[in-house]
Each structure stands twice: as C-alpha cells, then as structure tokens.
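What the coordinates show
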Amino acid sequence: MFERPEPTRPFPAMTYQQMLEKVRYEGAYPTRERAEEAVRLVLGGLGRQLTGDERVELAARLPVEAALVLTAQIPDPEPLTGWGLVKDLATRAGASPATTRWDTGAVLAAVAVLAGPDLLTRILAQLPSGHALLFGRAELIQAA
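The paragraphs below set out a description of the structure included in this document. (Residues numbered from 1 in each chain as written. Predicted model: local features only at pLDDT ≥ 70, side-chain atom pairs only at ≥ 80, totals over all residues. Heavy atoms only, no water.)

Counting residues in each nonpolar core, the largest one holds 40 residues, and the members touching the most others are Met19, Leu43, Leu46, Leu58, Leu62, Val111 and Phe135. Of all elements in the fold, only helix H1 (16-27), helix H2 (32-47), helix H3 (52-61), helix H4 (64-71), helix H5 (82-93), helix H6 (97-126) and helix H7 (131-134) reach the threshold of two or more residues within this core. When residues in this core are grouped by element, the largest group, twelve residues, is from H6. Other than its neighbours up to four places away in sequence, phenylalanine 135 contacts Leu46, Leu108, Val111, Ala112, Leu120, Ile123, Leu124 and Leu127. (Core = buried A, V, L, I, M, F, W, Y, C linked by side-chain atoms within 4.5 Å. Buried < 20%, exposed > 50% of the residue type's maximum accessible area, 1.4 Å probe, protein only. Helix = DSSP H or I, 4+ residues; strand = E, 2+ residues; numbered from the N terminus. Contact = heavy atoms within 4.5 Å.)

The next point concerns H4. Among the residues of H4, Ala66, Ala67, Val69 and Leu70 are the ones counted as buried. Taken down its axis, H4 places every buried residue within 160° of arc, on the same side. Residues of H4 that are buried sit in contact with H1, H2 and H3. (Arc of directions from axis to C-beta.)

What follows is about H3. Among the residues making up H3, those that are buried are Glu54, Arg55, Leu58, Ala59 and Ala60. Packing partners of the buried residues in H3 comprise H2, H4 and H6.

A few words now on the packing of H3 against H6. Contact pair H3 / H6: the axes reach a minimum separation of 10 Å and the direction vectors enclose 175°. On the basis of the axis angle, H3 is roughly antiparallel to H6. Residues Glu54, Glu57, Leu58 and Arg61 of H3 form the contact with H6, whose own contacting residues are Val111, Leu114, Ala115, Gly116, Leu119, Arg122, Ile123 and Gln126. In the contact of H3 with H6, the residues fall into six nonpolar, two polar and four charged. (Axes fitted to C-alpha atoms, helices over the stretch in contact; angles between N-to-C directions. Parallel < 35°, antiparallel > 145°, perpendicular 65-115°, else oblique. Nonpolar A, V, L, I, M, F, W, Y, C, P; charged D, E, K, R; others polar.)

Here we come to the packing of H1 against H6. Put simply, H1 and H6 touch, their axes get as near as 9 Å, and they point 135° apart. One way to sum up the angle between H1 and H6 is to call them oblique. Every pair of crossing elements has a handedness; the one defined by H1 and H6 is right-handed. When H1 is examined against H6, the residues Met19, Lys22, Val23, Glu26 and Gly27 are found in contact with a partner set consisting of Trp102, Ala106, Val107, Ala109, Ala110, Val111, Val113 and Leu114. Of the residues in the contact of H1 with H6, the class split is ten nonpolar, one polar and two charged. (Left-handed = near helix turned anticlockwise from the far one by under 90°.)

Okay, structure coming up:
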C-alpha cells in the first residue's frame, strides 16, 4: 500500500470561513463580520506577543488569512501579561475590557484547537502569566 508522505507545511485543520464560524459560535456573535473583527483584533495582538519557532509553527497551522494577520505584526520586545493584552486590545478597539476579554477567549479557543496541545504548551511557556486562561487552560503556578 502506498503511504502518503508528510507535507513539509501542515495544512490548516480548518478553512478561514470555518474558523470564523467557530469563533462566531464560541463568542455567540450575531454575524460572521463581528466574528471576523474579533479574529483580526486578537490575532493582531497575539502576533505582537509571539516570537521564534512558536510563531512560525502557529502561522503554519492557521488558515492563510489568519496567518497573515498574525505575522503582519512586529513582536513587542516586552510581551504583555494576559490581562495586559486584554487591556491593550480594549484600548485599540475602543471597547470595554469585559467585551474584549470575551472576544479574546472566543478567538483563542479556535487558535488552541488549531495549534494542538503540544504547540499550545510551548506558546504558553513563552508568554507571561495570564495567557493560559485566555486560551481556555488552567493557569498552573509553581509553589515557591
């Protein structure tokens, strides 16, 4: 039986439209356009936080349209905490922190699925505290 070779670039597990529908469902948004606004805002913020191999691997797992939003951002020299990211996104969007926290969770739930558990663990290890909850994971803190 012929075995299919592993692709050098993994294909995203969902299309951009499927990603928008997942975000629309997770965020209970009334329209796909509202879901896309959230995706663009949050992926832009995440793109300013991630560097290195994790950034490259995540971009490869996202649909092309989402990967372009992520990689169009220049990473900040000092990544923000999870709450700092939410506040930054709220300021950029002119929205409340509560609404922005909701948007962030809805988008990053889809990103977590696309990243997979191993890459997500590596991403969270790179970021300051508070990001795990945004991705729907428990924030584990080592005892002093």
